[in-house]
Amino acid sequence: MTRVLRWMDKTTIPENAAILDIGTGNGAFLVELAKHGYKNLTGIDYSPASVALARNVLQAEDLTDVTVKEMDFLNCQGELKDFDVCIDKGTFDAISLNPENAKEGKKLYVQAIKDALKDRGFFAITSCNWTKEQLLARFSEGFEFVQELPTPSFQFGGKTGSSVAALIFKRIL
Ligand SMILES: C[S@@+](CC[C@H](N)C(=O)[O-])C[C@H]1O[C@@H](n2cnc3c(N)ncnc32)[C@H](O)[C@@H]1O
């Protein structure tokens, strides 16, 4: 979260930018974004329990202007569009690890991101499951790679690796 927020600061994403948190879980990222001054925030999750939790967490923080919707990102029928920034922390991982139809899920996900973003909008993805190279291959068409965010590295067998990949892409029509 901190690294993505730092990137948003550096890139001077405006406070009124439309920001979507995909698979918001407990809404913790929305809370941080709101505390950072972002005012046009939407979180979605297909789990009713997550949505209820995220709403409670936001309410406890007095952040009542944040929208949280129960929605399947892979089947949102054009309801999500014109976002300036889409953020994913762990949701593409969850979708692509789902034993039911993971292949189709990955395809639908890429299309859903394309549909949700404005032209030149940003997509920030943090993944524990896919490497930088795999993500670059997955989000090649319709996206421009912007940068990789620094993540902790480790060494094993003389090689250096990273357990997390955090990448920024830009949507190009
Ligand atoms: C690994 S958790 C990450 C939660 C949160 N982003 C975080 O960083 O703590 C993945 C989340 O994505 C949600 N999710 C998985 N598939 C989804 C889908 N197709 N549409 C919407 N939400 C989905 C799950 O319910 C879960 O809350």
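In the nomenclature of an unreviewed UniProt entry, the protein chain is known as EEF1A lysine methyltransferase 2 of Nibea albiflora.

Asker: Sorry, what's going on with the overall build of the protein chain here?
Answerer: Of regular secondary structure, the protein chain possesses six helices and nine strands. For 173 residues, the compact-globule estimate of 2.2 N^0.38 gives 16 Å, and the protein chain sits close to it at 16 Å. In terms of its C-alpha atoms, the protein chain occupies a principal-axis envelope of roughly 50 × 35 × 30 Å. When burial is assessed residue by residue, the protein chain has 43% of its 173 residues classed as buried. Residue pairs in contact within the protein chain that sit at least 24 positions apart in sequence constitute 70% of those at least 6 positions apart. Here the protein chain has roughly 9300 Å² of accessible surface; of this, 48% comes from carbon and sulfur atoms.

Asker: Got a minute to help me understand unusual backbone geometry in this structure?
Answerer: If a residue is not glycine, its phi is most likely negative; likewise, a peptide bond is most likely trans. One non-glycine residue, Thr 12, lies in the positive phi region at around 45 degrees. Mapping Thr 12 onto the fold places it in the loop between helix 1 (2-10) and strand 1 (18-22). Judged by relative accessible area, Thr 12 falls into the exposed class, the value being 61%. Its identity is not glycine, yet Gln 77 carries a phi of approximately 50 degrees, on the positive side.

Asker: Where do I start with the packing of aromatic side chains in this structure?
Answerer: Given two aromatic rings, one states the distance between the centres and the angle between the planes to describe the pair. Applying the stated criterion to the full structure yields 14 aromatic pairs. Residues Tyr 109 and Phe 123 carry aromatic rings whose centres are separated by 6.3 Å and whose planes lie at 50 degrees to one another, so their mutual orientation is tilted. Linking Tyr 109 in helix 5 (residues 102-116) with Phe 123 in strand 5 (residues 117-127), this pair joins segments that are 14 residues apart in sequence. Taken together, a centroid distance of 6.1 Å and an interplanar angle of 70 degrees make the contact between Phe 143 and Phe 169 edge-to-face.

Asker: Whenever I open this one, the sheet that holds strand 3 (residues 67-70) confuses me. Can you help?
Answerer: The sheet built from seven strands is open, its strands ordered 3-2-1-4-5-9-6 with mixed pairing. Pairing within the sheet leaves two strands with one partner each, and these edge strands are strand 3 and strand 6 (143-148). With direction set aside, neighbouring strand axes in the sheet form an average angle of 20 degrees. Contacts from helix 5 reach strand 1, strand 4 (83-89), strand 5, strand 6 and strand 9 (165-171), with the element oriented near 135 degrees to strand 5.

Asker: Quick question: what am I supposed to make of the site of the ligand here?
Answerer: Taken together, 15 residues lie around the ligand, and Gly 23, Asp 45, Asp 72, Phe 73 and Lys 89 are the ones closest in. Take Phe 73: an N or O atom from its main chain is 2.9 Å from a nitrogen atom of the ligand. Take Thr 91: an N or O atom from its side chain is 3.3 Å from an oxygen atom of the ligand. Coverage of the ligand by the protein amounts to 77% of the 600 Å² it exposes when considered alone. A per-class count over the shell around the ligand returns five nonpolar, seven polar and three charged.

So, how was this worked out
Counting starts from 1 at the beginning of each chain's written sequence and moves along it residue by residue. Local features in this predicted model are restricted to residues whose pLDDT is 70 or higher, and side-chain atom pairs enter the listing and the counts only when it is 80 or higher, whereas totals over whole chains, interfaces and linings include all residues. In computing side-chain properties, one takes all heavy atoms of the structure into account and sets aside hydrogens as well as water. To qualify as a helix, a DSSP run of H or I must reach at least 4 residues; to qualify as a strand, a run of E must reach at least 2; elements of each kind are numbered from the N terminus. As defined in this context, the radius of gyration uses C-alpha atoms, and a globule is described by 2.2 Å times the residue total to the power 0.38. Accessible area is worked out with a 1.4 Å probe on protein chains only. A residue is then buried under 20% of its type maximum, exposed over 50%, and partly exposed in between. We call two residues contacting when some pair of their heavy atoms lies within 4.5 Å. In these tables, accessible area is a Shrake-Rupley quantity obtained with a 1.4 Å probe, and a residue counts as shielded only by the protein chains included in the view. Only centres within 6.5 Å qualify two rings of Phe, Tyr or Trp (six-membered ring in Trp) as a pair; their planes then separate them into stacked at under 30 degrees, edge-to-face at over 60, and tilted for everything else. A pair of strands is treated as paired once DSSP finds two or more bridges between them. An axis is simply a line fitted to the C-alpha atoms; with a helix, the fit covers only the stretch in contact. Between two such axes, the angle follows the N-to-C directions and lies from 0 to 180 degrees. Each residue is tested against the molecule or strand, and it is near if at least one of its non-hydrogen atoms lies within 4 Å. Each polar contact in these results corresponds to two N or O atoms within 3.5 Å; when the atoms are within protein, one needs to be able to donate a hydrogen and the other to accept it, and residues that are neighboring in sequence are counted only if both atoms are side-chain atoms. Just so you know the grouping, Ala, Val, Leu, Ile, Met, Phe, Trp, Tyr, Cys and Pro go in nonpolar, Asp, Glu, Lys and Arg go in charged, and all remaining residues, Gly too, go in polar.

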